[in-house]
Amino acid sequence: MSTDSRPLYQRIADELRDHIAAGTLKEGDRAPSTNELSAFHSVNPTTAAKALTALHQEGLVEKRRGLGMFVTPTARERILQQRRAHLARDYIRPLLREAAALGLSPRDLDAAIEQERKKHED
């Protein structure tokens, strides 16, 4: 059972955002349809449609009558800009607060980050 408390449509929309950010859904690609998302995630079509509507409202996909939803030319950059803006607030500031609480010097913190980066590369 998932511990993610966000509504299903938000999780589906976030998954689609991840695909756009990663480039697996590129500019001009057709996004999965409501029925495809509904079947894949085993959710009501209304839930899947709500996820696509959220992306449409953000300008990440555009409707083409009779064809479906397609990734907009600016979608990837919009997502990356938003994630960059949240990086400091959601990760860097809390990391700095915790490092200060632990009494770590900037050099100690740099070393810890470098150590984790190396682990991640392997």
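See the structure printed just above.
Predicted, not measured: the structure shown is a model, and the values here were computed from it. (Residues numbered from 1 in each chain as written. Predicted model: local features only at pLDDT ≥ 70, side-chain atom pairs only at ≥ 80, totals over all residues. Heavy atoms only, no water.)

Peer 1: Describe unusual backbone geometry, with residues and values.
Peer 2: Backbone geometry places S42, a non-glycine residue, at a positive phi of 55 degrees. Checked against the element boundaries, S42 lands in the loop between α2 (34–41) and α3 (45–57). (Helix = DSSP H or I, 4+ residues; strand = E, 2+ residues; numbered from the N terminus.)

Peer 1: I'd like a rundown of a nonpolar patch on the surface, residues and numbers included.
Peer 2: On the surface, a nonpolar cluster with roughly 410 Å² of combined accessible area is contributed by L87, Y91, I92 and L96. Mapped onto the elements, Y91 comes out in helix α4 (residues 75–101). (Patch = residues over 30% accessible without salt bridge, like charges linked within 9 Å, V, L, I, M, F, W, Y side chains within 5 Å. Areas by Shrake-Rupley, 256 points an atom, 1.4 Å probe, with all protein chains shown as cover. Salt bridge = Lys/Arg side-chain N within 4 Å of Asp/Glu carboxyl O.)

Peer 1: With reference to specific residues and values, describe α3.
Peer 2: Here α3 spans 18 Å end to end across 13 residues, near enough to the 18 Å set by a 1.5 Å rise per residue. Within α3, the full set of buried residues consists of A48, A51, L52, A54 and L55. For α3, the buried positions fall inside an angular range of 150 degrees around the axis, keeping them on one side. Exposed residues on α3 whose side chains face more than 90 degrees from its buried face are T46 and Q57. Contact partners of the buried residues in α3: α1 (8–22), α2, β1 (61–64) and β2 (68–71). Between the side-chain oxygen at the start of α3 and the backbone nitrogen of T46 there is a gap of 2.7 Å, and the oxygen is on N44. (Expected span 1.5 Å × (residues − 1). Buried < 20%, exposed > 50% of the residue type's maximum accessible area, 1.4 Å probe, protein only. Arc of directions from axis to C-beta. Contact = heavy atoms within 4.5 Å. Polar contact = N/O pair within 3.5 Å; in protein donor to acceptor, adjacent residues only side chain to side chain.)

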